[in-house]
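Residue-level structure breakdown
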Amino acid sequence: MSPIPSPPEDDVEDATPTRVFGVCLVGFDHALGPTVEFCHPETLNDNHQLLAEHLPFFALPDGAHARDEDYTYFHLYLPSVSPSTIFGISCNRQIQSDELINKGKDVTRSTVQKAIVVLASKPIFGPLRDKLGVITRAFFAQKDFDDKSILVDLYASLETREDGSGGLSDALSRGEAGGMYMGTSLRELVYKFRFKTLMLLKLLMLQRRVMFYAAHTPVEQLCTFQYSLVALVPALLMHLEDAATPSLNARVNTIVQPSSLRTSDKQSLIRYLGLPLNIFGKGSFFQPYLPLQQIDMLKTKSYLVGTTNSIFQQQRDCQIDVIVNIETAAVEILNPKLTTWLTLTAADRKWMDEIVTTVDNSYNAADPSRPIGLAFIGSDDFLRAKFEEYICSLLACIKLTDYLAGDRSKDVLLLGSDLDSKLMPSFNESFVKAFKATPAFELWNRNTDEVIFDLVEPKHPMEGKTNPIEDVGIRLAHGLHDLHLEENLGPTREAISRGITSGSDSLWKTYSSLRSDIGRRQSELRERREKEGGGPIDLALAPQFVGNTVLAGVDVARTGATAVVSGLGGLFTSSKKSLWRSTTPEGSSSPTSEGGPRSGSDDRSRTSSGTYPPTSSASAEASATSTPTFSSFFRPLSNTSLASVGSAGRTPTPPTTSQGGGGFFGALKRNFSDPSPPGGSPVRGARGMDDEEEELVPRDLDAEMVPRDLDAELATAAHGREQQGGKRNSAAESGFEHVEVDDEATEEIKL
């Protein structure tokens, strides 16, 4: 086999092998807080002070006790170990102290928290994560933290030998980015933030102060979203050597303008285009998880950090420009001038709409990192290529604009109309102007060929493919999606469902209770009658007895409601007649009665002595057939006979009682009355103004109950009034009658 050829001169910076610097064990002491308990190899102990100052707070983040297992990605700067950024990953777990075999004196709490940390020269979190998780679980399964041999074996399996082979270097030592991209998930980023993904990318290119925040989300997801955003910039993930601290700026000295290009090699093309942008250079840093102990680092001009502590947002010295909440997918812009820069154009929205639709159509909730069917379209590689195209088109368009600004348009073999369509408006001119003022652009522009637009078409990917109507639809569709109606209305739907369910249960319980109560009362009544010697009651007739009583009450209510409705119509008709009849021969209105307005049936005027003047027979007939008063409309609800009044000043005849109380409840009392009440006292009317009183009609409880025909009773009463001639109703004066009921007689049989 022929030896692998040495890399070209332009690839020297990528040829350094991936190294694992060591493995550490961090524990939590209730008196000292998180501390470094073990390091391997021993060379790491030379930096014990720096490790003890920062590493414990990275390895055991805030809220680690609330989760059984979590991962943290972070960056360290240890000059004696590496002159550039050291990338760390930790896996923390906890165990009940009672389960430990060797419980030390320092264990004073019910749980013990520890984390295993791996330090490497590149962000190879994807390959390391699975191994680290297995080792951490095995270490806790020992239940003996004094035995640390498994940590030594972990380092040995990851160590790179002097010849550059072994460990992880075989797959990652020559600039292979696949292992680094294993720790990212562009699909989840796009699915979560949708159109805001492009806003976050522009924000990153502007080198602003950006903070990712999560209160309840695992720290691993917080770090993954940030690394996924960084992975959108071509080749940036492999060049984070200056990301640990704002003081690092070593990459500037290694960037030179490429002198050769291999069009068949994608990496060579990326370098020729001046990528990656030096976003994390001097005065800027990137920390996926920032503990509270490093809050002073935020006093710089540019950063990308993540945190789970809300105290950062309350510090004015931090000067945060944008806060990104990964739980709600909200991008809160605190710097007002950024709003114009980050506004998406119609072409941007059209471009993002196609990407978001592709991700939605292939999204698998069970495996978010892979599309359905494992197709290329919609995968992370597909998304990475789309954003790479966008950034390269933007840079080529900037180069073309600057080239034409130098009065060299005659050297460009394009028509004028084509040139006009390939300028900045589709990328947002405000954003382009702000981007050209960043240190990253200044370094890129100085070390990049001025005619890269010969390699990349200098126009927006959606140039000429948008129209206003379609743009309005896109904005409305994604605006409604951002409202999260499904999530916000979900609790309301659940509350309504619970209310219906509980209401149904309550209704059934009420029915069951009523049914059992009726059965119990019937049983008591039967036993009482048997004791009194009245003979047993046929239980087969009991339901019919109760049902007939209820039906009688329903008929009473129905008939009364019908009378009320018909009576209201008669009232308005009577009012109109009264208005015309009340006019005197002289044309003046008749005075009202002393007690207020008269009823519509009384069309005559009183004399000064308070008596009615005599009228003709025609007037008497009209008066006899006039419409009853308003209060008489409710008379059908009772069984009281209607009172009548003479047609010529006669004293109103008082009403007579009839079978007890009126209305629905009166009917119930009468139907449930005992045929032989104790004491033999019949129920009599309370307002008897006449000597005639009607006694209660005895009811046979064993006989079948038949509902009263109130319509027939009303017809009979009306016929009687017609026979009386000049007699008129005076229901307003008679009112409802009050009936006294013998409580002792009805106590035994009431429901």
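Bear in mind the structure is a predicted one, so any value in this text is a computation, not a measurement. (Residues numbered from 1 in each chain as written. Predicted model: local features only at pLDDT ≥ 70, side-chain atom pairs only at ≥ 80, totals over all residues. Heavy atoms only, no water.)

Quick look at the overall build of the protein chain
Counting its secondary structure elements, the protein chain contains 23 helices and 12 strands. Counting contacts in the protein chain only where the partners sit at least 6 residues apart, residues at least 24 apart contribute 73% of the total. When the accessible surface of the protein chain is split by element, carbon and sulfur atoms take 54% of a total near 38800 Å². (Helix = DSSP H or I, 4+ residues; strand = E, 2+ residues; numbered from the N terminus. Contact = heavy atoms within 4.5 Å. Areas by Shrake-Rupley, 256 points an atom, 1.4 Å probe, with all protein chains shown as cover.)

Quick notes on unusual backbone geometry
Put simply, His-40 and Pro-41 share a cis peptide bond, and its omega is 5 degrees. Within the secondary structure, Pro-41 sits in the loop between strand E2 (33-40) and helix H1 (48-59). At the junction of Leu-275 and Pro-276, the peptide bond is cis and its omega measures out at 5 degrees in the coordinates. Looking at the element boundaries, Pro-276 is found in the loop between helix H9 (266-272) and strand E7 (284-287). One non-glycine residue, Leu-374, lies in the positive phi region at around 55 degrees.

A few points about the pattern of salt bridges
Per the counting criterion, the structure on display carries 21 salt bridges. Residue Glu-37 is joined to Lys-114 by a salt bridge in which the shortest nitrogen-to-oxygen separation is 2.8 Å. Taken together, the residues span a long stretch of sequence, with Glu-37 in strand E2 and Lys-114 in strand E5 (residues 111-120) at a distance of 77 residues. Classification of Glu-37 as partly exposed rests on a relative accessible area of 36%. Looking at Lys-114, the relative accessible area reads 8%, which means it is buried. One salt bridge in this structure joins Asp-265 and Arg-262, with 2.7 Å as the shortest N-O distance. Given a relative accessible area of 22%, Asp-265 falls into the partly exposed group. A residue is classified by how much of its surface remains accessible, and Arg-262, at 34% relative accessible area, is partly exposed. (Salt bridge = Lys/Arg side-chain N within 4 Å of Asp/Glu carboxyl O. Buried < 20%, exposed > 50% of the residue type's maximum accessible area, 1.4 Å probe, protein only.)

Section: the packing of aromatic side chains
Applying the stated rule across the entire model yields 20 aromatic pairs. Aromatic pair Phe-280 and Phe-286: ring centres 5.3 Å apart, planes at 20 degrees, arrangement stacked. Each ring, one from Phe-285 and one from Tyr-303, has its centre 5.9 Å from the other, and the planes form 40 degrees; the classification is tilted. Of this pair, Phe-285 sits in strand E7 while Tyr-303 sits in strand E8 (residues 302-307), placing them 18 residues apart in sequence. Each member of the aromatic cluster is reached from another via a ring pair, and the members are Tyr-73, Phe-125, Tyr-227, Phe-280 and Phe-286. Against the face of Phe-431 rests Lys-202, its NZ or CZ located 4.9 Å from the ring centre. Sitting above the plane of the Tyr-181 ring, Arg-384 keeps its charged end 3.8 Å from the centroid. (Phe/Tyr/Trp six-rings, centres within 6.5 Å; stacked < 30°, edge-to-face > 60°. Lys NZ or Arg CZ within 6 Å of the ring centre and 35° of its normal.)

What about the confidence of the model for the protein chain?
Regions with low pLDDT should not have their predicted coordinates read in detail. Considering every residue of the protein chain, the mean pLDDT works out to 74; 64% of them sit at 70 or more. This stretch, residues 1-13, has a pLDDT under 50; its non-local contacts, to residues over four places away or in other chains, come to 13 contacts. The low-confidence segment residues 671-694, where pLDDT is below 50, has 52 contacts with residues more than four positions distant or belonging to other chains. (pLDDT = per-residue confidence, 0-100.)

A word on the environment of Ala-235
Mapped onto the elements of the fold, Ala-235 is located in the loop between helix H8 (219-230) and H9. Not counting residues within four places of it along the chain, the set of residues in contact with Ala-235 comprises Tyr-181, Ile-270 and Pro-276.

A short note on the nonpolar core
In terms of nonpolar packing, the biggest core is built from 132 residues, with Phe-212, Leu-240 and Phe-280 touching the most fellow members. If one sorts the elements of this core by residue count, helix H12 (residues 380-405) sits on top with 14 residues. Beyond its immediate stretch of four places on either side in the chain, Phe-212 contacts Leu-200, Leu-222, Phe-225, Gln-226, Leu-229, Leu-304, Val-305, Gly-306, Thr-307, Val-324 and Ile-326. Core analysis: the second largest hydrophobic core is formed by 11 residues, Tyr-213, Phe-285, Leu-298 and Cys-318 among them. (Core = buried A, V, L, I, M, F, W, Y, C linked by side-chain atoms within 4.5 Å.)

Some thoughts on the sheet that holds strand E6 (residues 209-213)
Spatial ordering of the open sheet is given by E7-E8-E6-E9-E10, a layout of five strands whose pairing is mixed. Of all the strands in the sheet, the pair left with one neighbour each is E7 and strand E10 (330-333). Taking the axes of each pair of neighbouring strands and ignoring which way they run, one obtains an average angle of 15 degrees across the sheet. Against the sheet, helix H7 (residues 196-205) touches E6, E8, strand E9 (322-325) and E10, its axis set at about 40 degrees to E10. Helix-sheet contacts for H8 involve E6, E7 and E8, and the interaxial angle to E8 is about 150 degrees. (Pairing = 2+ DSSP bridges. Axes fitted to C-alpha atoms, helices over the stretch in contact; angles between N-to-C directions.)

Examining the environment of Leu-455
Counting through the fold element by element, Leu-455 comes out in the loop between helix H15 (439-446) and helix H16 (468-482). Look at Leu-455 and you get partly exposed, because its relative accessible area is 41%. Counting along the chain gives 63 residues from Leu-455 to Cys-392, while the straight-line C-alpha distance between them is 9.7 Å. If sequence neighbours within four positions are ignored, Leu-455 has contacts with Leu-261, Leu-269 and Tyr-272.

Details of the sheet that holds strand E3 (residues 69-76)
Across the sheet, five strands lie side by side as E2-E1-E5-E4-E3; this open sheet has antiparallel pairing. With partners counted over all chains shown, the strands left at the sheet margins are E2 and E3, one partner each. Between one strand and the next, the sheet's axes are offset by a mean angle of 25 degrees, whatever the strand orientation. Across the sheet, helix H2 (residues 125-141) lies against strand E1 (20-29), E3, strand E4 (86-96) and E5, angled at about 30 degrees from E4, the strand it touches most. Helix H3 (residues 149-158) rests against E1, E2 and E5 of the sheet, and its axis sits at about 155 degrees to E1.

Quick look at the packing of H2 against H3
Where H2 meets H3, the axes come as close as 10 Å, and the angle between the chain directions of the two elements is 165 degrees. Viewed along their axes, H2 and H3 adopt a mutual orientation that is roughly antiparallel. Between H2 and H3 lies a crossing of right-handed hand. Residue-level contacts link Leu-128, Lys-131, Leu-132, Ile-135, Ala-138 and Phe-139 of H2 to Ile-150, Leu-151, Leu-154, Ser-157 and Leu-158 of H3. Class assignment of the residues belonging to the contact of H2 with H3 gives a composition of nine nonpolar, one polar and one charged. (Parallel < 35°, antiparallel > 145°, perpendicular 65-115°, else oblique. Left-handed = near helix turned anticlockwise from the far one by under 90°. Nonpolar A, V, L, I, M, F, W, Y, C, P; charged D, E, K, R; others polar.)

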